[in-house]
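# Coordinate inspection notes
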Amino acid sequence: MREKIRGRVQNKGFVLLSVMFAVTLLLTSAVAFAWFVRVQLLRVSAEDFAFRSRCAAREACVYASQKINEDNNGYDSFSETLYSPNGGISMEFGGFKIDVKIKPLDDRISARGIFLPDGNTLRAEYEQAWKTVWAEVGCPELAQKALDFMDADSEQKLGSVEKQNYLNRPIYALSELKLLDGVDDALLYGTKKNKGKKYLAQFISALGSDKINVNSANAETLAVLDSSIGYGTAASFVDARKNAPVKKISDLKSYPGFSAAVLTRLSNVLSTESGCFELSIKVAEGALSRNYRAVVQRGKDTGLLRWEE
């Protein structure tokens, strides 16, 4: 009799444990499912915000392009409100608050603009500058190879090589130059360890026209254009133009280093305007925000050349 009672107690205990285990399993599953649903809702919400903010950023890109096209004063300078680091455009669209900073490009030597229309012949105005750039970054032996890498044919230039992996077209991004032996991220963009050492991104851009805007060009680029300018003179000019933008190329004669002879040599590659502009776009909705970057071309409603997220 006692054994039967003990057996019933044991059975009840086993059933109770089974029920508790099942309940725990169900609760764990419910919590896991609730967490899964929450994660999925957050993901869907993030994707929805990303899609809507991207659409808003594209509209801001079109609006900024229109504002750039309306600016027809003959020069593009950081002293202008539209291009000032503290200026730009602020707008609201579809419930979003959008801020756009506009930077005039053509501030460096364009890898797309160094050749004549045949796509093979280097512009005479850039011959010395191109050699100087590669010497400045410590790789003078790559100057000719880089030209063969980007020109329109597969014929080898004097003192160079022609390889199967050469693009034989203008680069779309500076990083494409890494297909050249000897070019790496450090040579392209510099490193914190080699602070003070020159790198290619200071002188060369993948986008831009065949002319350089003297109102946006950095001192490094201006200095290599002609040996008569030099970095010190170029840096002084960059500082002076902050409050006195160059409205006509002939006005450069009043600045040291830009003699009549220099301006004659560089007349075909200097400008006071930019053909391309970089847009830094911030789209915010409450506590959420996303950043976009675009490069647009003047003269077109959108003129979109590059889009980054």
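Refer to the structure above for everything that follows.
This section reports on the structure supplied with the text. (Residues numbered from 1 in each chain as written. Predicted model: local features only at pLDDT ≥ 70, side-chain atom pairs only at ≥ 80, totals over all residues. Heavy atoms only, no water.)

Moving on: the side chain of Ser274. With respect to the helices and strands, the residue Ser274 is situated in the loop between β6 (270-271) and β7 (276-285). By relative accessible area, which is 3% here, Ser274 ends up buried. In terms of polar contacts, Ser274 uses its side chain to reach the backbone carbonyl oxygen of Leu105, at 2.7 Å. With near-sequence residues (within four places) excluded, Ser274 lies in contact with Asp76, Pro104, Leu105, Asp106, Asn213, Ser216 and Arg298. (Helix = DSSP H or I, 4+ residues; strand = E, 2+ residues; numbered from the N terminus. Buried < 20%, exposed > 50% of the residue type's maximum accessible area, 1.4 Å probe, protein only. Polar contact = N/O pair within 3.5 Å; in protein donor to acceptor, adjacent residues only side chain to side chain. Contact = heavy atoms within 4.5 Å.)

With that out of the way, let us pick up the sheet that holds strand β2 (residues 96-104). Pairing is antiparallel in the open sheet, where 5 strands are placed in the order β1-β2-β7-β8-β9. On the outer flanks of this sheet lie β1 (89-93) and β9 (304-308), each paired with one strand and no other. Between one strand axis and the next, the sheet turns through 25 degrees on average, direction left out of account. (Pairing = 2+ DSSP bridges. Axes fitted to C-alpha atoms, helices over the stretch in contact; angles between N-to-C directions.)

Turning to the environment of Leu147, a few remarks are in order. Positionally, Leu147 belongs in helix α3 (residues 143-150). We classify Leu147 as buried; its relative accessible area is 3%. Sequence spacing of Leu147 and Asn120 is 27 residues, and the spatial spacing of their C-alpha atoms is 8.3 Å. Excluding its chain neighbours within four sequence positions, the residues that come into contact with Leu147 are Ile114, Phe115, Leu122, Trp130 and Lys157.

With that settled, the discussion passes to the pattern of salt bridges. Counted according to the given criterion, the structure contains 18 salt bridges. Among the ionic pairs, Lys67 bridges to Glu70, the shortest N-O distance being 3.8 Å. With Lys67 and Glu70 both in helix α1 (residues 2-70) and 3 residues apart, the pair spans about one turn of that helix. Using a relative accessible area of 30% as the deciding quantity, one classes Lys67 as partly exposed. Put simply, Arg298 and Asp76 hold a salt bridge, and the shortest N to O gap is 2.6 Å. Of this pair, Arg298 sits in the loop between β8 (288-297) and β9 while Asp76 sits in the loop between α1 and β1, and the two are 222 residues apart along the sequence. On the accessibility criterion, Asp76 (0% relative accessible area) is buried. What you see here is one network of salt bridges that share partners, running through Asp71, Asp76, Glu273 and Arg298. (Salt bridge = Lys/Arg side-chain N within 4 Å of Asp/Glu carboxyl O.)

Attention shifts here to the nonpolar core. Ranked by size, the top nonpolar core spans 52 residues in total, and within it Trp130, Trp134 and Leu177 carry the most contacts. Going through the elements one at a time, α2 (127-136), α3, α4 (185-189), α5 (219-225), α6 (230-240) and α7 (260-266) are the ones with two or more residues in this core. Setting aside its immediate chain neighbours within four residues, Trp134 contacts Cys139, Pro140, Leu142, Ala143, Ala146, Leu187, Leu200 and Ile204. Membership of the second largest hydrophobic core comes to 23 residues, among which are Ile68, Leu82, Met91 and Ala294. (Core = buried A, V, L, I, M, F, W, Y, C linked by side-chain atoms within 4.5 Å.)

As a further point, take α3. Residues spaced three or four apart along an α-helix face the same direction, because each turn holds 3.6 residues. Burial analysis of α3 places 6 of its 8 residues in the buried class, the great majority of the element. When α3 is considered as a whole, its buried residues turn out to be Ala143, Ala146, Leu147, Asp148, Phe149 and Met150.

What follows is about the packing of aromatic side chains. Evaluated as defined, the whole model comprises 7 aromatic pairs. Between Phe49 and Phe96 the ring centres are 5.9 Å apart and the planes differ by 50 degrees, which places this aromatic pair in the tilted class. With Phe49 in helix α1 and Phe96 in strand β2, this residue pair connects regions lying 47 residues apart in the sequence. Assessed through its relative accessible area of 3%, Phe96 is described here as buried. Between Trp130 and Trp134, the aromatic rings sit 6.0 Å apart at their centres with planes inclined by 65 degrees, giving edge-to-face as the arrangement. Placement of the pair is Trp130 and Trp134 together in helix α2, with a separation of 4 residues, close to one helical turn. Pair check on accessibility: Trp130 and Trp134 agree, each one buried. Through successive ring pairs, a cluster of aromatic residues spans Phe237, Tyr255 and Phe258. The ring of Trp307 has Arg58 lying over it, and the distance from NZ or CZ to the ring centre is 4.3 Å. (Phe/Tyr/Trp six-rings, centres within 6.5 Å; stacked < 30°, edge-to-face > 60°. Lys NZ or Arg CZ within 6 Å of the ring centre and 35° of its normal.)

Right, let's talk about the environment of Tyr255 for a bit. By the element assignment, Tyr255 lies in the loop between α6 and α7. Residue Tyr255 is classed as buried on the basis of its relative accessible area of 18%. Measuring from C-alpha to C-alpha, the distance between Tyr255 and Ala234 comes to 9.6 Å, with 21 residues separating the pair along the chain. In this structure the side chain of Tyr255 is engaged in a polar contact, spanning 3.4 Å, whose partner is the backbone oxygen of Ala244.

Below, the discussion takes up the pairing of β8. In summary, the side chains of a regular strand alternate between the two faces of the sheet. The pairing of β7 with β8 spans 10 bridges and is classified as antiparallel. Bridge pairing in β8 places Glu285 opposite Leu288. In this antiparallel pair of consecutive strands, β7 and β8, the connection spans 2 residues, and Gly286 shows a positive phi of 65 degrees. Across 4 bridges, β8 lies against β9 in antiparallel orientation. By the bridge assignment for β9, Val295 is matched with Arg306.

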